[in-house]
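Fold and contact review
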Amino acid sequence: MAIIKVFFIILFIFNNLFLFSQNFKFKNNLYSILSDNSVTLQSYQVNKSDLFYDILSIDSVVIHKKKKYKVVKIEESAFKPNSSTTLIHLNNIKRLSLPLTLCEISSNVFNENFNSLQEIAIPQNIKVIGYNTFANLPSLTKIDVKGISKINDWSFSLNPSLSYVHLDTCVNIIGKNTFFNCTRLNTINLENVSFIDEHAFEGTAIETLNVPNCEIIGEFAFADCRSLNHIDLNDSIHLISNFAFINNTALKSIHIPMGIIGESAFMGCTSLNKVVLSDRIESIGQASFFGCTALRYINIPSSIRKIEAMTFIDCINMEDIVLPNNLIIIGESAFEGTGLKEVVIPSSVLEIKNNAFANCRNLKTVILQSDNVKFGDNVFPEDVNIIRR
C-alpha cells in the first residue's frame, strides 16, 4: 500500500513539472505555462497584419490544446527582437495595451527598441514592476501607474521626454533612481508616498513637492531639481537624508516640522532665504545649508544641542542668528564666511571649535554669557569686540 502511495505522489509531481514547464505558441508568440490557468509571455513576434500598427496589444487570454490560460507575466526576454521585421515594428509602437490579467512585468522588458513609445498605462492588477523596466524611452511623455505599492529601482529613469506621471493611491514606495534624470518631468502626485529612495527624482523638472505622508526622503532624492520652488512637508517626516535637496537653486523657503536633517541636505540652494524649523527637529547635519548664499532667516530650535561643522558656511546674507539656550557645541567652520554682525553666545555653550566664525567680515561684536567656553583656533575674526557678561 505504501509503495502505491509513493508511486502516485511521484506521478503527480512529474505531471505538474511537465505541465508547468511546457512552452507553446499562440499567434506566433511563445508562452510558458506557470500554473493550471496562467502563463507568461516569453517571446513576442509580430504578425504581418500588425506590422504597421502603432499600438501593441498583448492578449489577456491565450489558448493551448483547447484550454484557456490567463497571461499574468511578461518575461525579460519577451521583446528582444528575433527578426528585423519585429525590430522595425517595436520601434514604431506609440502606445501599449497591457492586459488586465497581468500581475508582473520583469526587469528590462521595455527599455530597448521602443523608441516611439509615448504613453504607458499600468493596469490595476500589477503587483511587481521589475528594475529598469521602462527606462531609456526617448519619446515617452506620460505614465499612469495603478495597482502596485512599490515602484522598483530605475523603473522609469532616463526618459528625457517624460513630463507627466499619475500614481494610484496604493503607491507608497518610490525606489532608487526611479525617475532619475527625467529632465522634463514636472508633474507627479506623491501625496500617498511614505518612502522616497535615493536619487529617485534627481535631475527632474519638478516645481512643487507635496508629500504630506512621506516619512523618509533618501539621499540625493531631489538633487539638482533646479525648478523646484515649493516644498510641503508634514508631521510624518522623520528623515531628510544627506544631499536630499542639494543644488535646488529655485527653492526660496521651507518649513520643516520635525525629524532629522541630513548632511548637506540643502547645500547649494542659492535662492533659499527663509528656513523655519520646529522644536521637534532632532538634529541638523553638517554642511546642511552650506553655500545658501541668499539665506537671511533661520531659527535654530531649542532641541538642537550642537551646530555641526560647516552648517552655514558661506551664507553671506545671514546677518542675524539667535542661538538657543540649550546649545552646547558650535562646530568647526559652522558660521564661517557668513554676514553676521553680532552674535550672542549663550551660557550653555561649552565649546566653540576651529574657525567657527572665521571670515565673518561684518562681525563686530560677540557677547559671551559664559566664562567656561573652550575655544578652538581662529574662532573669530581678529578685530572682533568680545564682551563678557
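Anything mentioned here points back to the structure above.
Read on for a plain summary of the structure. (Residues numbered from 1 in each chain as written. Predicted model: local features only at pLDDT ≥ 70, side-chain atom pairs only at ≥ 80, totals over all residues. Heavy atoms only, no water.)

Helix and strand counts for the protein chain stand at two helices and 32 strands. Relative to its length of 389 residues, the protein chain is extended, with a C-alpha radius of gyration of 29 Å against a globular reference of 21 Å. If you line up the protein chain on its principal axes, its C-alpha atoms span 95 × 60 × 30 Å. Taking as baseline every contact in the protein chain between residues at least 6 positions apart, the subset at least 24 positions apart corresponds to 28%. Of the roughly 17,900 Å² that the protein chain leaves accessible, carbon and sulfur atoms contribute 50%. The protein chain carries 33 positive and 37 negative side-chain charges, and their two centres are separated by 10 Å. (Helix = DSSP H or I, 4+ residues; strand = E, 2+ residues; numbered from the N terminus. Rg over C-alpha atoms; globule rule 2.2 N^0.38 Å. Contact = heavy atoms within 4.5 Å. Areas by Shrake-Rupley, 256 points an atom, 1.4 Å probe, with all protein chains shown as cover. Lys, Arg positive; Asp, Glu negative; His and termini not counted. Charge placed at Lys NZ, Arg CZ, Asp CG, Glu CD.)

All right, on to the environment of alanine 244 then. With respect to the secondary-structure elements, alanine 244 resides in the loop between β20 (239-240) and β21 (253-256). On the basis of relative accessibility, which here comes to 0%, the residue alanine 244 falls in the buried class. Other than its neighbours up to four places away in sequence, alanine 244 contacts Ile217, Gly218, Phe220, Ala221, Phe222, Ala223 and Ala265. (Buried < 20%, exposed > 50% of the residue type's maximum accessible area, 1.4 Å probe, protein only.)

Now for the nonpolar core. Side chains that are nonpolar tend, in soluble globular proteins, to be buried together. Counting 112 residues, the largest nonpolar core has Phe79, Phe266, Phe335 and Phe357 as the members making the most contacts within it. Ranked by residues supplied to this core, first place goes to strand β6 (residues 67-74) with three residues. Residues contacting phenylalanine 79, with those up to four places away along its chain left out, are Leu41, Tyr44, Leu56, Ile58, Ile74, Leu90, Val109, Phe110, Asn113 and Phe114. (Core = buried A, V, L, I, M, F, W, Y, C linked by side-chain atoms within 4.5 Å.)

This brings us to the pattern of salt bridges. Tallied over the entire structure, the rule returns ten salt bridges. For the salt bridge of lysine 67 with aspartate 36, the shortest nitrogen-to-oxygen distance reads 3.8 Å. Of the two residues, lysine 67 sits in strand β6 while aspartate 36 sits in the loop between β2 (29-33) and β3 (38-43), which places them 31 residues apart along the sequence. Among the residues examined, lysine 67 registers a relative accessible area of 31% and is labelled partly exposed. The residue lysine 341 makes a salt bridge to glutamate 319 at a minimum N-O spacing of 3.8 Å. (Salt bridge = Lys/Arg side-chain N within 4 Å of Asp/Glu carboxyl O.)

This model, assessed by the stated rule, comprises zero disulfides. With no disulfide of its own, cysteine 269 lies 5.2 Å from the sulfur of cysteine 292, the closest cysteine sulfur. Using a relative accessible area of 0% as the deciding quantity, one classes cysteine 269 as buried. Here cysteine 360 is not disulfide-linked; the sulfur of cysteine 315 is the nearest cysteine sulfur, at 10 Å. The class for cysteine 360 is buried, based on a relative accessible area of 1%. (Disulfide = S-S within 2.5 Å.)

The next subject is the side chain of threonine 133. Here threonine 133 is to be found in the loop between β10 (128-129) and β11 (142-145). By relative accessible area, which is 0% here, threonine 133 ends up buried. Only 3.4 Å separates the side chain of threonine 133 from the backbone oxygen of serine 106, close enough to count as a polar contact. Those residues within four positions of threonine 133 in sequence are excluded, and the remaining contacts are Ile105, Ser106, Ser107, Asn108, Val109, Phe110, Asn111 and Ser155. (Polar contact = N/O pair within 3.5 Å; in protein donor to acceptor, adjacent residues only side chain to side chain.)

With burial as the criterion, only one face of strand β19 (residues 230-233) is covered, namely that bearing Ile231 and Leu233; the residues His230 and Asp232 on the opposite face remain uncovered. Across four bridges, strand β17 (residues 208-211) lies against β19 in parallel orientation. Bridge pairing in β19 links leucine 209 to isoleucine 231. (Pairing = 2+ DSSP bridges.)

Here we come to the sheet that holds β21. The pairing of strands in a sheet happens through backbone hydrogen bonds and is either parallel or antiparallel. Pairing is parallel in the open sheet, where three strands are placed in the order β21-β23-β25. Only two strands of the sheet have a single partner each, and these edge strands are β21 and β25 (297-298). Of the pairings in the sheet, the one linking β21 to strand β23 (residues 274-277) comprises four bridges and is parallel in character. Note on β23: the bridge partner recorded for histidine 255 is valine 276.

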